[in-house]
Amino acid sequence: MIDLLPGINSTSSALDAERVRMDVISENIANADTTKGIDGKPYRRQQVVFESVLNAQQASEAGGSIPQSTQVVRIDKDTRAPRMVYNPSHPDANGQGMVALPNINIHEEMVDMIASSRSYEANLAVVKNARTMAMQDLSIGKH
Amino acid sequence: MDVLSAIKMVAGSQNSAPLTDIAQKGVTPSIPVYDLKEINTDMAPQSVGAAQSSGSFQNLLTNFVGEVNDKQVAASDSVAGLLSGKNVSLHQAMISMEEASVSFQMMVEVRNKLLDSYQELMRMQV
């Protein structure tokens, strides 16, 4: 296949990964007050782990400069303890009247969201520039 | 590629070395041909008929047009997948459309260049 847009495969994979990250952040924000998850315990904060996928490609085609792309390898659970809030009237309160709320800090999630959206923007700028470069290449020799 | 090898590629296979013939017959060009050849020793002039790895130039062009068509089909597939709720993300659809657009532009440019060179040849004094 002809490769007209430089670096477009890496950028595309990064955009995919950022979408997964955004999914996870939205899940965290949506469940910031979930006291009972599927396992009966309060929801735990999740975070994505990115990994570049050079290794697999390098094993298959050992060569010089293979473009590295990125992907989400796993979605980890945050191991911090749940927030304990005194609220005896809550149905999920324990014997001392404490309710275990998820270990989610909304501000932290907002910062993560800003980071994610900025890096999405950066990758889109790469796409835009790749296109501009290709179009400028095509106008070589015109006046 | 220097001008000499470019003209040779256009000139085709039936008269493979007209310029060297001219040089040997005494119509001395200002730069001797062997000097020109030494400029790019690694890049032997290839005529249109000379078999490259992918066959003739016509095959090359047909393959290229086929690839551009493939990209268009892939773009419309991804847009259809996006609109029908399959596992295609928005940016994938946009990128494949972008690729299709750029490769189509590339094809148009190649066609323009070919047509230009044809018209240039037709205008040539005989």
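Caption draft 1: Structural context of the overall build of chain B. Each helix and strand counted, chain B has five helices and zero strands in total. For chain B, the N- to C-terminal ordering of α and β elements is α-α-α-α-α. A fraction of 59% describes how many contacts in chain B between residues 6 or more apart in sequence connect residues 24 or more apart. Taken as a whole, chain B presents about 8900 Å² of accessible surface, with 60% of it coming from carbon and sulfur.

Caption draft 2: Structural context of the overall build of chain A. Broken down by element type, chain A carries three helices and four strands. The helix and strand sequence of chain A, counted from the amino end, reads α-β-α-β-β-β-α. Within chain A, the proportion of its 143 residues that are buried is 27%. Counted over contacts in chain A with a minimum sequence separation of 6, partners at least 24 positions apart contribute 62%. When the accessible surface of chain A is summed, it comes to about 9100 Å², and 55% of that surface belongs to carbon and sulfur atoms.

Caption draft 3: Fine view of the interface of chain A and chain B. Each partner contributes residues to the interface: chain A has 16 residues there, and chain B has 17 residues. Summed over the shared surface of chain A and chain B, the number is one salt bridge. The salt bridge partner of B:Glu98 is A:Arg131, with a shortest N-O separation of 2.1 Å. Counting the contacts that link chain A with chain B gives four residue pairs in polar contact (both at pLDDT 80 or more).

Caption draft 4: Spatial organisation of helix H1 (residues 8-30) of chain A. The terminal C-alpha atoms of H1(A), which comprises 23 residues, lie 33 Å apart, in line with the 33 Å expected from a rise of 1.5 Å per residue. For H1(A), the elements touching its buried residues are strand E1 (46-52), strand E2 (70-77) and helix H3 (106-138) of chain A together with helix H5 (90-122) of chain B.

Caption draft 5: Quick look at the nonpolar core. With eight residues, the main nonpolar core is built from A:Leu5, A:Ile8, A:Leu15, A:Val127, A:Ala130, A:Ala134, B:Ile95 and B:Val102. Those elements that provide at least two residues to this core are H1 and H3 of chain A together with H5 of chain B. In terms of residue count, H3(A) provides more of this core than any other element does, three residues in total. With sequence-adjacent residues up to four places away left out, A:Val127 is seen in contact with A:Ile8, A:Thr11 and B:Ile95.

Caption draft 6: A look at the environment of A:Thr35. Residues and elements named next belong to chain A. Residue position: Thr35 is located in the loop between H1 and E1. When the C-alpha positions of Thr35 and Pro102 are compared, they lie 6.7 Å apart, and in sequence the two are 67 residues distant. Beyond its immediate stretch of four places on either side in the chain, Thr35 contacts Gly40, Lys41, Pro42, His90, Asp92, Val99, Ala100 and Leu101. A polar atom in the side chain of Thr35 sits 2.8 Å from the side chain of Asp92.

Caption draft 7: Inspection of the pattern of salt bridges at higher detail. All names here are of chain A. This structure, assessed with the given rule, holds 12 salt bridges over all chains. Its salt-bridge partner being Arg80, residue Asp78 comes within 2.7 Å of it at the nearest N-O pair. In this structure, Arg118 engages Glu121 in a salt bridge whose closest nitrogen and oxygen atoms are separated by 2.7 Å. Linking Arg118 with Glu121, this pair stays in helix H3, spanning three residues, or about one helical turn. Its relative accessible area of 51% is what places Arg118 among the exposed residues.

Rules behind the numbers
- Residues numbered from 1 in each chain as written.
- Chains lettered and ligands numbered in written order.
- Predicted model: local features only at pLDDT ≥ 70, side-chain atom pairs only at ≥ 80, totals over all residues.
- Heavy atoms only, no water.
- Helix = DSSP H or I, 4+ residues; strand = E, 2+ residues; numbered from the N terminus.
- Contact = heavy atoms within 4.5 Å.
- Areas by Shrake-Rupley, 256 points an atom, 1.4 Å probe, with all protein chains shown as cover.
- Buried < 20%, exposed > 50% of the residue type's maximum accessible area, 1.4 Å probe, protein only.
- Salt bridge = Lys/Arg side-chain N within 4 Å of Asp/Glu carboxyl O.
- Polar contact = N/O pair within 3.5 Å; in protein donor to acceptor, adjacent residues only side chain to side chain.
- Expected span 1.5 Å × (residues − 1).
- Core = buried A, V, L, I, M, F, W, Y, C linked by side-chain atoms within 4.5 Å.

So far we have only geometry, and geometry alone does not tell us how the molecule works.
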